[in-house]
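# Topology and contacts: notes
So you can see what is in the structure, the chains are spelled out below.
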Amino acid sequence: MRFACAFFFVLADFLGAFAEIYLRFVFIVERHEPELFRMIGEAVKHAEDLKQLALDDSIVSLNRENEDEARGKLCSELSKGVSALIDLSWSPWEEAEHLASEAGVPIIRTALGPQPLVAAIDRYLESRNATDAAILLESEIDVDKVLYELLGRSNTRIWVHAGLTRDSARALKTMRPDPSFYVLVGGSGFVMETYKRAVKEKLVRRVYRWNLVFTDYLDLSALDLSSVVQPTMILQAHPEDCCRIIASKDCTCSDSFEKTQATLNSLIAYLVDAFGRIDGTFMVKARVDCGDVHSDMSDTKEALHRIFVEDIDNNETVFYWDQERSGLFLRHRYVLSSYKPDSGLEAVAVWSANQEYRLLPGVTLEPLKHFFRAVPWTLPKLDPETGDPLYNEDGQPIYEGYCVDLIQKLSEAMNFDYEIVSPRSGGFGRRLPNGSWDGVVGDLTTGETDIAVAALTMTAEREEVIDFVAPYFEQTGILIAIRKPIRKTSLFKFMTVLRTEVWLSIVAALVLTGFMIWLLEKYSPYSAKNNPGAYPYPCRDFTLKESFWFALTSFTPQGGGEAPKALSGRTLVAAYWLFVVLMLATFTANLAAFLTVERMQTPVSSLEQLARQSRINYTVVEGSSTHQYFINMKFAEDTLYRVWKEITLNATSDQAQYRVWDYPIREQYGHILLAINASAPAIEPEFIHIIWNRYVHRQCVSRGPVADAETGFKQVNDHTDADFAFIHDSAEIKYEVTRNCNLTEVGELFAEQPYAIAVQQGSRLQEDISRALLELQKERFLEQLASKYWNETLRQSCSDADESEGITLESLGGVFIATLFGLGLAMITLAWEVFYYKRKEKNKVQSTKENVERPPIKSAKLGGKMAVGVARLRKRATKIGKKKNVTIGDSFKPSVSYISVYPKGDYRP
């Protein structure tokens, strides 16, 4: 009160004749804030009551769409006299600054909204290397204030919105690139409700990405933060600043505290004090004519600025002077805290509004990772027990695969987080008629994704709109996948080596040879049977049964045994043995070749063979790079044909050199594309019921491009006759072949191209990823990753994985069955032999008993029989003694001339 009285007397002395002197302030207010008119009036009245001084004020409503009207109003008010211009607009008004500068009138700016706190959180975000942020505020007016505050002053790309509705939440989800940080600015009630809604909309997913800025002065220890689910940063002005604004040492500011009114009251009171501290020789009010502007208050302006600068170091003042912005701003003390759901609240930084952002001593913030959206070359992860796809807590599918592991390794090396997404439309990307792109390439061009780690080939057209990193995968291309033919297994498969007529011919030869041996042995005069004198030792008696046995056993390695003695018989046997040797050699060779080639046989072995045949249908994925390859090759063939035709048909002096009998350009790609795109042939209605399952289904399903690779592999697997092929990316085919024992790849790799990681055009990630890939190559990580997913050892579990594993039991099981049959037949024969022998012996014993009981034979009859026997033996001895010709060799001299076969004495059993 004493200072106010002293100031009043100084003004009275300065104006002399005036009994009472007053200051006149002209306020500049945005037309969107009419409520400030009332607040300014209350603030001026508050200063008058506080300082016991008459003040005058005038308000100029600023309409930025019609600044001429606002300028006229300003000039009118300045002509009435002005002590200072107080600019409460959202951004400096150049017209007012120009007039004030020429007239020397002090112009003072201030901020009555959340701008200071937003500027403070912006300093923190810059320290975190933030590139973009989404700011949510309470009202549209606050949105405009923050935009004017940050535009041109912040290095962070911002998205500002009033509140969080369902539409704005959807906009945040679809925003590309995703904001690195989210900032909620407002009163504690608004901030906490908005955060809860963000959690409900599944926007809160990463740590320290959400920042809560409270504009009120509540004590955070009394605030319920249980709804904060992720580690979060919280910024607010120190609660004691509220008491400083209202000039009270002990106070409590509730959430209903009118901060704007209190700030205006304190600002005008401070300005009145500052004018009172000016030397009495300076003018405190001057009239300004906009038509003839001249400086009358320059000294007053400079004196006032010196007072503001002197008060900067005085921490007791509520405001501090910003010379650059020519404004008085609240000297807030900002408190930045880190909140973790498990450990609570912890202060990490405290600084004043006129100071730089700095952490508390000993505090270190965890480094934050960048976040990118990636499109990898993946497969859905399946439940090992049920085989169903797995999903995360957000209902999104969980992926696995080569590229998932690769991007995970890159994220660890480059310290970033990522989210796996699928392209919104299309596949890898193709240029649309309007010049835009779809698929993976299209998402990169529109910013939908940041990185594409996929089976993406490098092409000149794609490099026009996106950037590629160095290739990460070995040269890949196109391969043909086909099902292995299902071999018809048979236990007697070895019998199929020779045709039925051949087997019948062998049996006929065996029978005929056996019969001829018997016939020659019976009628040849030189056989052992007809010429016993030439063979004194026991010889084989070739009966009809023995002849067939000899012919049959000649097919065995041990041979048929003793051969006939006659030259004719031996000639027949020699010819028969030659036949047997040749047949055994032929059968053995063909059996080995048949069993080996059958396992290694594939219907086709190259793309050329596939194009020339008509039995095997084939397809590609519609719209894929493989499909486009055949389209391009067909176009190239047509172009070459057109050029060749133009050259040959145009009459020139050198046309003779183009005369060729054969067309020099192959049209195989045209044939292949025609076969791929061919539709199913028409079927007569009366035949549909006969061939529906075998023909119509195969034609309708198998012909034409398929929707995806999974469908293509399924169709190949369903065609058990190996009459369907799938032409696709070689890496994917090799991966599928290692996991499906029914599939195999045929032919050589063609249309080779590398895979490369793609990023947005001009992205800084290109160089970072290139360096990271080089480091991974040095560590041989890419080789290890390739061997993990293209592991040939997985095929060891297949029954026919190894082509050299040998002949299976299914192919030669009949041999064992024949052996077992022979064993069984032998056992049956043995039983019959035992039975027959015992019966014969029984009959023989009975016959002997009967002979014993008979009366003795008359000697005359016995003597006659013995005489006849002796005569025969003598006659035979006489013949042997004579020299006779034999079939082979010299004459034989028997050492035994007589053998008695009669028993001596009476026989007794």
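Residues numbered from 1 in each chain as written. Predicted model: local features only at pLDDT ≥ 70, side-chain atom pairs only at ≥ 80, totals over all residues. Heavy atoms only, no water.

## With respect to the nonpolar core
The biggest cluster of nonpolar side chains holds 43 residues, and the ones touching the most others in it are Phe 25, Phe 27, Leu 55, Ile 268, Phe 308 and Leu 328. Counting residues per element, this core draws most heavily on helix 10 (residues 259-276), which supplies 9 residues. Residue contacts for Phe 27: discarding those within four places in its chain leaves Ile 40, Val 44, Asp 57, Ser 58, Ile 59, Val 60, Ile 86, Leu 88 and Ile 268. Residues Ala 133, Met 233, Ala 349 and Leu 365 belong to the second largest nonpolar core, which totals 35 residues. (Core = buried A, V, L, I, M, F, W, Y, C linked by side-chain atoms within 4.5 Å. Buried < 20%, exposed > 50% of the residue type's maximum accessible area, 1.4 Å probe, protein only. Helix = DSSP H or I, 4+ residues; strand = E, 2+ residues; numbered from the N terminus. Contact = heavy atoms within 4.5 Å.)

## Side note on unusual backbone geometry
Despite not being glycine, Lys 202 shows a phi value in the positive range, around 60 degrees. Positionally, Lys 202 belongs in the loop between helix 8 (188-200) and strand 8 (210-214). For Lys 202, a relative accessible area of 44% gives the class partly exposed. Positive phi, normally seen in glycine, also occurs at Asn 415, with a value near 60 degrees. By the element assignment, Asn 415 lies in the loop between helix 12 (402-414) and strand 17 (416-420). You can call Asn 415 partly exposed: its relative accessible area is 33%.

## Concerning helix 2 (residues 35-51)
Taking 1.5 Å per residue as the helical rise, helix 2 with its 17 residues ought to reach 24 Å, and the 25 Å between its terminal C-alpha atoms agrees with that figure. Residues Leu 36, Met 39, Ile 40, Ala 43, Val 44, Ala 47 and Lys 51 constitute the buried set of helix 2. Within helix 2, the buried residues cover an arc of 135 degrees as seen down the axis, which keeps them to one side. Immediately downstream of helix 2, the backbone of Gln 52 shows phi near 55 degrees, a positive value. (Expected span 1.5 Å × (residues − 1). Arc of directions from axis to C-beta.)

## Observations concerning the environment of Ser 180
Mapped onto the elements of the fold, Ser 180 is located in the loop between helix 7 (166-174) and strand 7 (181-186). On the basis of relative accessibility, which here comes to 15%, the residue Ser 180 falls in the buried class. In this structure, the C-alpha to C-alpha distance between Ser 180 and Phe 371, residues 191 residues apart in sequence, is 7.0 Å. Discounting chain neighbours no more than four positions away, the residues touching Ser 180 are Thr 131, Asp 132, Arg 206 and Arg 209. A distance of 3.4 Å separates the side chain of Ser 180 from the side chain of Thr 131, its partner in a polar contact. (Polar contact = N/O pair within 3.5 Å; in protein donor to acceptor, adjacent residues only side chain to side chain.)

## Re the state of the cysteines
All chains considered together, the criterion is met by 1 disulfide. Note on cysteine connectivity: Cys 75 is disulfide-linked to Cys 290, with sulfurs 2.1 Å apart. Residues Cys 75 and Cys 290 are joined through a disulfide that is left-handed, its torsion about the S-S bond being -110 degrees. Of the two residues, Cys 75 is situated in helix 3 (residues 67-79) and Cys 290 in the loop between helix 10 and helix 11 (298-310); the sequence distance between them amounts to 215 residues. Overall, the relative accessible area of 19% leaves Cys 290 in the buried class. (Disulfide = S-S within 2.5 Å.)

## Here's the deal with the sheet that holds strand 8
Consider a sheet: its strands pair through backbone hydrogen bonds, and that pairing is either parallel or antiparallel. Read across the open sheet, the 7 strands follow the order 6-5-7-8-9-12-13; overall the sheet is mixed. Only two strands of the sheet have a single neighbouring strand rather than two, namely strand 6 (157-162) and strand 13 (344-352). Pairwise comparison of adjacent strand axes, ignoring direction, gives a mean angle of 20 degrees for this sheet. Pairing analysis gives 4 bridges linking strand 8 to strand 9 (residues 232-237), with the strands arranged parallel. By the bridge assignment, Asn 211 is partnered in strand 9 with Met 233. (Pairing = 2+ DSSP bridges. Axes fitted to C-alpha atoms, helices over the stretch in contact; angles between N-to-C directions.)

## Comments concerning a negative patch on the surface
On the surface, Glu 67, Asp 68, Glu 94 and Glu 97 cluster together to form a negatively charged patch. Secondary-structure elements contributing two or more residues to the negative patch are helix 3 and helix 4 (94-103). Within the fold, Glu 67 resides in helix 3. The exposure class assigned to Glu 67 is partly exposed, which follows from its relative accessible area of 33%. (Patch = residues over 30% accessible without salt bridge, like charges linked within 9 Å, V, L, I, M, F, W, Y side chains within 5 Å. Areas by Shrake-Rupley, 256 points an atom, 1.4 Å probe, with all protein chains shown as cover. Salt bridge = Lys/Arg side-chain N within 4 Å of Asp/Glu carboxyl O. Lys, Arg positive; Asp, Glu negative; His and termini not counted. Charge placed at Lys NZ, Arg CZ, Asp CG, Glu CD.)

## Things to note about the packing of helix 12 against helix 25 (residues 781-789)
Running from N to C, helix 12 and helix 25 cross one another at 155 degrees; their axes reach a closest spacing of 10 Å. Considered as vectors, helix 12 and helix 25 are oriented roughly antiparallel to each other. Of the two elements, helix 12 crosses helix 25, and the hand of that crossing is right-handed. Across the interface between the two elements, Tyr 402, Asp 405, Leu 406 and Lys 409 of helix 12 pack against Phe 781, Leu 782, Leu 785, Ala 786, Lys 788 and Tyr 789 of helix 25. (Parallel < 35°, antiparallel > 145°, perpendicular 65-115°, else oblique. Left-handed = near helix turned anticlockwise from the far one by under 90°.)

## Some thoughts on the UniProt feature "site: Crucial to convey clamshell closure to channel opening" (unreviewed entry) in the chain
UniProt's entry tags Val 604 with the feature "site: Crucial to convey clamshell closure to channel opening" (unreviewed entry), counted in the numbering of this structure. Among all residues touching Val 604, those that are not within four sequence positions of it are Gln 609, Leu 610, Gln 613, Ile 616 and Val 746. (UniProt positions renumbered as here; feature names shortened; annotations may be inferred.)

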